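# Overview (structure and organization)
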Amino acid sequence: QQKVQQSPESLSVPEGGMASLNCTSSDRNFQYFWWYRQHSGEGPKALMSIFSDGDKKEGRFTAHLNKASLHVSLHIRDSQPSDSALYFCAASLTGNTRKLIFGLGTTLQVQP
Amino acid sequence: EAAVTQSPRNKVAVTGGKVTLSCNQTNNHNNMYWYRQDTGHGLRLIHYSYGAGSTEKGDIPDGYKASRPSQENFSLILELATPSQTSVYFCASGVGLGGAETLYFGSGTRLTVL
């Protein structure tokens, strides 16, 4: 069973709309959470990290973490066509990046 | 911006042949990683390195070897390539501490084993 599960598998939003991506981990030992974004034909790129319960905002992107429910989400405000990409949630245990576990990803399509 | 360069960008190999995928980083990061990306499996860690001369097994090391001859270079070696190793391979370098490490990925190598 995938230890980091993402939903939905794919998502389509209109330009200017809000996109919400979800991630649930099955291991309470995960302490660090990341969102990576991968445009077609490129490697993944770190988007933002969140390590503490609550919200973290960076520009149009807001991540929310609830460790009690093992749930992390990413919200993209004012979505742009350039946001169309594959979004990975990743989680790691304390102190060891080799334990970084990626979800299967959510494909976001922003319609102009 | 951190720079990780992979070569070749595309590779076609025959079953049983030897394949070497190369990765170079100019970021002076100690940690480097090799992942493969497959539909339905996401990104999976093959090998990683904490510095020149060191290599460690990741989650799916079988059929792969790694070499880190210098801080900048990290290679993935398939001694006897099989069709099941057809995939997209990504190299990454990392900066930061433990789980708070940011990974910088290259653009990938698409490998097809016939």
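Up top is the structure these notes are about.
What you see is a predicted model; the values in this text were computed from it and never measured.

### A closer look at the pattern of salt bridges
Counted under the stated rule, the structure contains six salt bridges over all chains. Ionic pairing is found between A:Arg60 and A:Asp83, a salt bridge with its closest N-O pair at 2.8 Å. With A:Arg60 in the loop between strand S6 (54-58) and strand S7 (61-66) and A:Asp83 in the loop between strand S8 (71-76) and strand S9 (85-93), this residue pair connects regions lying 23 residues apart in the sequence. Take A:Arg60: its relative accessible area is 22%, and that puts it in the partly exposed class. A salt bridge links B:Asp38 to B:Arg36; its shortest N-O distance comes to 2.7 Å. In terms of burial, B:Asp38 and B:Arg36 fall into one category: buried. Members of the salt-bridge network, linked through shared partners, are A:Arg37, A:Arg60 and A:Asp83.

### Considerations on the pairing of strand S3 (residues 19-25) of chain A
Residue and element names in this part refer to chain A. Across the two faces of S3 the burial differs, with Ala19, Leu21, Cys23 and Ser25 buried and Ser20, Asn22 and Thr24 not buried at all. Pairing of strand S1 (residues 4-7) with S3 involves four bridges; the strand directions are antiparallel. Among the inter-strand pairings, glutamine 6 is bridged to a residue of S3, identified as cysteine 23. Looking at chain direction, S3 and S8 are connected through six bridges and run antiparallel. When the sheet's bridge partners are listed, threonine 24 is paired in S8 with histidine 71.

Scoring rules and cut-offs
Residues numbered from 1 in each chain as written. Chains lettered and ligands numbered in written order. Predicted model: local features only at pLDDT ≥ 70, side-chain atom pairs only at ≥ 80, totals over all residues. Heavy atoms only, no water. Salt bridge = Lys/Arg side-chain N within 4 Å of Asp/Glu carboxyl O. Helix = DSSP H or I, 4+ residues; strand = E, 2+ residues; numbered from the N terminus. Buried < 20%, exposed > 50% of the residue type's maximum accessible area, 1.4 Å probe, protein only. Pairing = 2+ DSSP bridges.

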